[in-house]
Amino acid sequence: QVQLVESGGGLVQAGGSLRLSCAASRSISGMNRMGWYRQAPGKERELVVSITSGGWINYADSVKGRFTISSDNAKNMVFLQMNSLKPEDTAVYYCNVRFGAFDSWGQGTQVTISS
């Protein structure tokens, strides 16, 4: 099992940017898939972006062209660069890493976009 800690959330105006970070307690180089999810109040958790060990990246249509996932395997870190933020991006953002059939989740970081 791996522990994940997200950071970088906050309150920004529409059109602004944020960079979320996810620190893993151990190496993520052997992961099957990792990514970011979000959950807005009253809504189900949804995929923002995922990347597989083979390098295939899947972005939600709502964030394509605005968000970018990256990682630093040497530091066991996953990042989410979010640009051109919109009020509808407001949510708690969660980091996810899958090893085999087991998913690990962070505690989430709040992102609030004001109009």
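Everything here concerns the structure above.
Peer 1: Before we go on, may I ask you to explain the nonpolar core in this structure?
Peer 2: Looking at soluble globular proteins, one finds that nonpolar side chains tend to be buried together. Formed by 30 residues in total, the largest nonpolar core has its most connected members in W36, V48, F67, L80, M82 and Y93. Contributions of two or more residues to this core are made by strand 3 (18-24), strand 4 (33-39), strand 5 (46-52), strand 7 (67-72), strand 8 (77-82), strand 9 (91-99) and strand 11 (109-114). With five residues, strand 9 is the largest single contributor of residues to this core.

Peer 1: How do you make sense of the pattern of salt bridges when you look at a structure like this?
Peer 2: Side chains carrying opposite charge are able to pair once their charged atoms draw close together. Taken as a whole and assessed by the stated rule, the structure comprises five salt bridges. For E46, the salt bridge goes to R38, with nearest N and O atoms at 2.7 Å. The network of salt bridges with common partners includes R38, E46, R66 and D89.

Peer 1: Any chance you could explain the environment of G100 here in plain terms?
Peer 2: The residue G100 is located in the loop between strand 9 and strand 10 (102-105) in this model. A residue is classified by how much of its surface remains accessible, and G100, at 48% relative accessible area, is partly exposed. Along the backbone, G100 and R33 are 67 residues apart, and their C-alpha atoms lie at a distance of 8.9 Å.

Peer 1: Is there a simple way to think about unusual backbone geometry in this case?
Peer 2: If a residue is not glycine, its phi is most likely negative; likewise, a peptide bond is most likely trans. You will see that N76, though not glycine, has its phi angle at about 55°, which is positive. Mapped onto the elements of the fold, N76 is located in the loop between strand 7 and strand 8.

Peer 1: Just to check I follow, could you spell out the packing of aromatic side chains for this structure?
Peer 2: We describe a pair of aromatic rings using the distance from one ring centre to the other and the angle between the two ring planes. Inspection of every chain in the model, using the stated rule, returns one aromatic pair. Aromatic pair Y37 and W105: ring centres 5.0 Å apart, planes at 70°, arrangement edge-to-face. Linking Y37 in strand 4 with W105 in strand 10, this pair joins segments that are 68 residues apart in sequence. A relative accessible area of 36% means that W105 is categorised as partly exposed. Over the ring of W105 we find R45; its NZ or CZ atom is 4.7 Å from the centre of that ring.

Peer 1: Teacher, can you tell me more about the state of the cysteines here?
Peer 2: Should the sulfur atoms of two cysteines be covalently bonded, the bond is a disulfide. What the rule picks out here adds up to one disulfide. A disulfide bridge connects C22 with C95, and the sulfur atoms are separated by 2.1 Å. With the S-S bond torsion at -80°, the cross-link from C22 to C95 turns out left-handed. Placement of C22 in strand 3 and of C95 in strand 9 is noted, with a sequence separation of 73 residues between them. On the accessibility criterion, C22 (1% relative accessible area) is buried.

Peer 1: Could you clarify how one ought to interpret the sheet that holds strand 3 in this entry?
Peer 2: Two strands in a sheet stick together by hydrogen bonds in their backbones, pointing the same way (parallel) or opposite ways (antiparallel). Strand order across the open sheet formed by four strands is 1-3-8-7, with antiparallel pairing between neighbours. The open sheet is flanked by strand 1 (4-7) and strand 7, the only strands paired with a single partner. Sheet twist, expressed as the mean angle between neighbouring strand axes with direction ignored, is 15°.

Peer 1: Teacher, can you tell me more about the side chain of S104 here?
Peer 2: Relative to the assigned elements, S104 resides in strand 10. Judged by its relative accessible area of 4%, S104 is buried. Excluding anything up to four places from it in sequence, S104 contacts Q1, V2, L4, C95, N96 and V97.

What counts and how
- Residues numbered from 1 in each chain as written.
- Predicted model: local features only at pLDDT ≥ 70, side-chain atom pairs only at ≥ 80, totals over all residues.
- Heavy atoms only, no water.
- Core = buried A, V, L, I, M, F, W, Y, C linked by side-chain atoms within 4.5 Å.
- Buried < 20%, exposed > 50% of the residue type's maximum accessible area, 1.4 Å probe, protein only.
- Helix = DSSP H or I, 4+ residues; strand = E, 2+ residues; numbered from the N terminus.
- Salt bridge = Lys/Arg side-chain N within 4 Å of Asp/Glu carboxyl O.
- Phe/Tyr/Trp six-rings, centres within 6.5 Å; stacked < 30°, edge-to-face > 60°.
- Lys NZ or Arg CZ within 6 Å of the ring centre and 35° of its normal.
- Disulfide = S-S within 2.5 Å.
- Pairing = 2+ DSSP bridges.
- Axes fitted to C-alpha atoms, helices over the stretch in contact; angles between N-to-C directions.
- Contact = heavy atoms within 4.5 Å.

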